[in-house]
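# Survey of secondary and tertiary structure
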Amino acid sequence: MHEPVLLKEVLENLLTSKSGIYLDATVGTGGHAQAIVSQLEPGGKLICMDRDESLLEIAKKRLKKYRDRVEFAHLRFSQMKDLVSGLKVKKISGFLFDLGVCSLHFCGE
Ligand SMILES: C[S@@+](CC[C@H](N)C(=O)[O-])C[C@H]1O[C@@H](n2cnc3c(N)ncnc32)[C@H](O)[C@@H]1O
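Keep in mind that what you see is a predicted model, and the values were worked out from it rather than measured.

What follows deals with the overall build of the chain. Each helix and strand counted, the chain has five helices and four strands in total. Secondary structure elements in the chain, listed N-terminal to C-terminal, are α-β-α-β-α-β-α-β-α. Computed over C-alpha atoms, the radius of gyration of the chain comes to 13 Å, within 12% of the 13 Å expected from 2.2 N^0.38 for 109 residues, which places it in the range of a compact globule. Projected onto its principal axes, the C-alpha coordinates of the chain cover approximately 40 × 30 × 25 Å. Residue burial in the chain is summarised as follows: out of 109 residues, 44% are buried. Considering only residue pairs separated by 6 or more positions, the chain has 67% of its internal contacts joining residues 24 or more positions apart. Each charge class in the chain was averaged separately, 16 positive and 14 negative side chains, and the resulting centres sit 6 Å apart.

Quick look at the structure:
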């Protein structure tokens, strides 16, 4: 499984409001996402996006128990504007772009 990088730093700097709405634009297998949603309070939500459908499926299974606070989108960065405008929310509290490579793209599971 892919190890999320700078996890402590991401949590400290991204989660400014635990009832906020966040977008993980590179959810991959959901390592960062799992740590983020586990800290969200009622009203909080994480939108999980990735261009790779097979990784998104892994993230969906991993985040199953948090289904009340996650949504998934199989999209690319170039389609993000439509995703965000379709959410009909006043504010997104934070975006995560983990622009490294996913180890599964090189070595498999
Ligand atoms: C380093 S991995 C993310 C790992 C993830 N943070 C985790 O904890 O498992 C980077 C991800 O970015 C995704 N990605 C790359 N280009 C993208 C694009 N244009 N739009 C959406 N996702 C993209 C890849 O499919 C890959 O899953």
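After that view, the rundown keeps rolling.
Spatially, E3-E2-E1-E4 is the arrangement adopted by the four strands of the open sheet, whose pairing is parallel. Two strands in the sheet have a free side with no partner beyond their single neighbour: strand E3 (70–74) and strand E4 (94–96). Adjacent strand axes in the sheet meet at a mean angle of 20° when their direction is disregarded. When strand E1 (residues 21–24) meets E4, the two strands line up parallel, connected through three bridges. Along E4, the bridge assignment pairs Tyr22 with Gly94.

What follows deals with the site of the ligand. Lining the immediate surroundings of the ligand are 22 residues, of which Gly31, His32, Asp50, Phe77 and Asp98 lie closest. Between the ligand and Thr29, the relevant distance is 3.2 Å, taken from an oxygen atom to a side-chain nitrogen or oxygen of the residue. Note that a nitrogen atom of the ligand is positioned 3.1 Å from one of the backbone N or O atoms of Phe77. When the ligand sits alone it has 600 Å² of accessible area, and the protein chains cover 90% of it.

Rules used throughout
- Residues numbered from 1 in each chain as written.
- Predicted model: local features only at pLDDT ≥ 70, side-chain atom pairs only at ≥ 80, totals over all residues.
- Heavy atoms only, no water.
- Helix = DSSP H or I, 4+ residues; strand = E, 2+ residues; numbered from the N terminus.
- Rg over C-alpha atoms; globule rule 2.2 N^0.38 Å.
- Buried < 20%, exposed > 50% of the residue type's maximum accessible area, 1.4 Å probe, protein only.
- Contact = heavy atoms within 4.5 Å.
- Lys, Arg positive; Asp, Glu negative; His and termini not counted.
- Charge placed at Lys NZ, Arg CZ, Asp CG, Glu CD.
- Pairing = 2+ DSSP bridges.
- Axes fitted to C-alpha atoms, helices over the stretch in contact; angles between N-to-C directions.
- Near = heavy atom within 4 Å.
- Polar contact = N/O pair within 3.5 Å; in protein donor to acceptor, adjacent residues only side chain to side chain.
- Areas by Shrake-Rupley, 256 points an atom, 1.4 Å probe, with all protein chains shown as cover.

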